[in-house]
Amino acid sequence: MTCRRLVLPVLCLLLAVLGTAGQAQAVGYRYWSFWDRNSTADTADTWVYATQGPSTARPSDGDVQGFRFSVSEDSKDSAKPRGAADFATICAKTPAREGSKRVGLVLDFGTAADAPSGSTPPSPRTACARIDDDATTADALAAVAKPLRYDTNALLCAIAGYPTTGCGEPVADDRPKTSASPGTEAKSNPSDGKGNGDGGPSVGLLAGIAAVAALGAAATWQARRRRN
């Protein structure tokens, strides 16, 4: 059935507005993302989202890997680690040793906007882990960034004890994106008119729904009047 009669276009508009309510409140997840530093002679150093988890990835001597705590919907919009990521600098004071390998780690604890309520993220830091030749990235983290916390599905929940609670929980992503401006801290104001602070629809959206509903009532009244 198409929206061709007098009342139906208004009702269709109302449904469209209601339909955008769920889209306006995209859900992100608060978690530690895992990155590989792509360093080749042909390209500039860049962060690439890791294709394996830290418990299965086995870096080579001289590799640099990064972790970033943030809120994001998926790997496409996930915030990358910030700061210098040069292996020679990170592991300058850790000489090579036979039978082991060195892995540079960049640990970015994120911004206040991404932190769980009541938490303050530590400053980003780097560390050089010397581990066995067949060790994983998880082993490297355990060597330099304890305590680590995992959930029952082996998801990495905390590095160096941060955060103290939570693990990949959904978050109403109505705050400014932190990945768009590396090195800066985005701030969220629940009363700035963009949201109501509890993940519900904004005041502007509710006002729009009310206006469309009023138009629908007026159109219905006018249609009945013409029939009478």
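Residues numbered from 1 in each chain as written. Predicted model: local features only at pLDDT ≥ 70, side-chain atom pairs only at ≥ 80, totals over all residues. Heavy atoms only, no water.

Novice: So what's going on with the overall build of the chain? Residues and values would help.
Specialist: Of regular secondary structure, the chain possesses four helices and eight strands. Its helices and strands taken in sequence order, the chain reads α-β-β-β-α-β-β-α-β-β-β-α from the N to the C terminus. Per-residue burial over the chain gives 36% buried out of 228 residues. Nonlocal contacts in the chain, meaning residues at least 24 apart in sequence, comprise 64% of its contacts between residues at least 6 apart. Here the chain has roughly 13,000 Å² of accessible surface; of this, 54% comes from carbon and sulfur atoms. (Helix = DSSP H or I, 4+ residues; strand = E, 2+ residues; numbered from the N terminus. Buried < 20%, exposed > 50% of the residue type's maximum accessible area, 1.4 Å probe, protein only. Contact = heavy atoms within 4.5 Å. Areas by Shrake-Rupley, 256 points an atom, 1.4 Å probe, with all protein chains shown as cover.)

Novice: Tell me about the state of the cysteines, residues and numbers included.
Specialist: Across all of its chains, the model carries two disulfides by this definition. Note on cysteine connectivity: C91 is disulfide-linked to C128, with sulfurs 2.0 Å apart. The chirality of the disulfide connecting C91 with C128 is right-handed, given an S-S dihedral of about 105°. Of this pair, C91 sits in the loop between α2 (87-90) and β4 (100-108) while C128 sits in strand β5 (residues 125-132), and the two are 37 residues apart along the sequence. (Disulfide = S-S within 2.5 Å.)

Novice: Outline helix α3 (residues 137-144), listing residues and values.
Specialist: Taken as a whole, α3 has its buried residues at T137, A138, A140 and L141. Along the axis of α3, the buried residues cluster in a sector spanning 155°; they form a single face. Residues of α3 that are buried make contact with β1 (27-38), β3 (64-72), β4, β5, β6 (149-150) and β7 (156-158). Sitting at the amino-terminal end of α3 is T136, which places a side-chain oxygen 3.4 Å from the backbone nitrogen of A138. (Arc of directions from axis to C-beta. Polar contact = N/O pair within 3.5 Å; in protein donor to acceptor, adjacent residues only side chain to side chain.)

Novice: Explain the environment of P124 residue by residue, including any values.
Specialist: Among the structural elements, P124 can be located in the loop between β4 and β5. Judged by its relative accessible area of 42%, P124 is partly exposed. With 13 residues separating them in the primary sequence, P124 and T111 have C-alpha atoms 9.7 Å apart. Look past the residues within four positions of P124 in its chain and what remains in contact with it is R82, L107, D108 and F109.

Novice: Tell me what's going on with the pairing of β1, and back it up with residues and numbers.
Specialist: As judged from the three bridges shared by β1 and strand β8 (residues 170-172), these two strands associate in the antiparallel manner. Residue pairing across strands places Y29 opposite P170, the latter belonging to β8. In this structure, β1 lies alongside strand β2 (residues 46-49), joined through four bridges in antiparallel fashion. Within β2, the residue paired with R37 across the bridge is W47. (Pairing = 2+ DSSP bridges.)

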